[in-house]
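What the coordinates show
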Amino acid sequence: MLSDKNQYLKVRKGVLLTDKLDFVISKIDEYFKDYPREVVSGLRTKENQLRIIINYANTEHLPVMFCQHDFDLKQDGIYIWECTWQKLLDKGYKINPPNTAVYNSRTIYMSTHIVPGNAFDIGSPAQLERDNIAGIINFVMAKEPGLIQSFTEEPKNGCFHINIKV
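Structure report, in brief.

It is worth spelling out the pairing of strand 8 (residues 148-154) at this point. Bridging between strand 8 and strand 9 (residues 159-164) involves 6 bridges; their strand directions are antiparallel. Counted as the bridge partner of Ile 148 is Ile 164 from strand 9. If you look at the hairpin formed by strand 8 and strand 9, you'll find 4 residues sitting between the two strands, and Gly 158 has a positive phi there, around 70°.

Judged by nonpolar contacts, the single largest core of 22 residues is most densely connected at Leu 9, Ile 28, Phe 32, Phe 120, Ile 122 and Ile 162. Mapped by element, the contributors of at least two residues to this core are helix 1 (19-27), strand 7 (119-123), helix 4 (127-143) and strand 9. Ignoring sequence-local partners within four residues, the contact set of Ile 122 consists of Leu 9, Phe 32, Arg 37, Glu 38, Val 39, Val 40, Ile 133, Gly 158, Cys 159, Phe 160 and Ile 162. Within the second largest apolar cluster, 18 residues are counted, among which are Leu 50, Trp 81, Trp 85 and Leu 89.

Let's shift gears to the pattern of salt bridges. Under the criterion given, the structure shown has 6 salt bridges. As a salt-bridge pair, Asp 121 and Arg 44 come within 2.9 Å of each other at their nearest N and O atoms. One end of the pair, Asp 121, is in strand 7; the other, Arg 44, is in the loop between strand 2 (37-41) and helix 2 (46-59), and 77 residues separate them in sequence. Arg 44 carries the same exposure label as Asp 121, and that label is buried. We note a salt bridge from Arg 130 to Glu 153, for which the minimum N-O separation is 2.6 Å. Of the two residues, Arg 130 is situated in helix 4 and Glu 153 in strand 8; the sequence distance between them amounts to 23 residues.

Here we come to the sheet that holds strand 2. Overall, mixed pairing links the 5 strands, which are arranged 1-2-7-9-8 in an open sheet. Looking at the sheet topology across the chains shown, the edges are occupied by strand 1 (9-11) and strand 8. Across this sheet, the average inter-strand angle for adjacent strands is 30°, counted without regard to direction. Here strand 7 runs beside strand 9; their pairing, made up of 5 bridges, is antiparallel. Its bridge partner being in strand 9, Ile 122 is matched across the sheet by Phe 160. Running over the sheet, helix 1 touches strand 1, strand 2, strand 7 and strand 9 and is turned about 40° from strand 7. Contacts between helix 4 and the sheet are confined to strand 2, strand 7, strand 8 and strand 9, with strand 8 contributing the most and set at about 170° to the helix.

Put simply, helix 2 and helix 3 (residues 82-90) touch, their axes get as near as 10 Å, and they point 60° apart. When the interaxial angle is binned, helix 2 and helix 3 end up oblique. Our pair here, helix 2 against helix 3, has a crossing hand that is left-handed. Contacts between helix 2 and helix 3 involve Ile 53, Tyr 56 and Ala 57 on the former and, on the latter, Thr 84, Trp 85 and Leu 88. The residue makeup of the contact of helix 2 with helix 3, split by class, is 5 nonpolar, 1 polar and no charged.

Procedures and definitions
- Residues numbered from 1 in each chain as written.
- Predicted model: local features only at pLDDT ≥ 70, side-chain atom pairs only at ≥ 80, totals over all residues.
- Heavy atoms only, no water.
- Pairing = 2+ DSSP bridges.
- Helix = DSSP H or I, 4+ residues; strand = E, 2+ residues; numbered from the N terminus.
- Core = buried A, V, L, I, M, F, W, Y, C linked by side-chain atoms within 4.5 Å.
- Buried < 20%, exposed > 50% of the residue type's maximum accessible area, 1.4 Å probe, protein only.
- Contact = heavy atoms within 4.5 Å.
- Salt bridge = Lys/Arg side-chain N within 4 Å of Asp/Glu carboxyl O.
- Axes fitted to C-alpha atoms, helices over the stretch in contact; angles between N-to-C directions.
- Parallel < 35°, antiparallel > 145°, perpendicular 65-115°, else oblique.
- Left-handed = near helix turned anticlockwise from the far one by under 90°.
- Nonpolar A, V, L, I, M, F, W, Y, C, P; charged D, E, K, R; others polar.

Here it is as structure tokens:
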């Protein structure tokens, strides 16, 4: 993979990347020269996405009456994980669902981490780090307009979510 040669924006061991994600991460490595960071997530399955919801629910001591394999399971017309996911959103988490779902009368689409995998996350737990990363990403978007579509700061999740253009 191209990003294996990165010096500043390293990919955490075990993070799965598509060729497109790998390309973008390798292209923006130099921009992190003065502020090295780590890619903490890339391509996910629906099971991975539901596992994240379960982990945050456990952290918040919310009831979990489903497992990571239940991403398509519905009861009375709603996904069995939907209420727990909504409670996490109420608490400030930014988590797209494993399947398109509704929150406060808004349609929230399936995570862009899921196939085809057009997103990755850069870890940034502290506010100062998030300010620096936001500046770097904005600079990259101005200098290399074909790489990054958008980004979202996810402070409660301790990361920046990056959607790629490629």
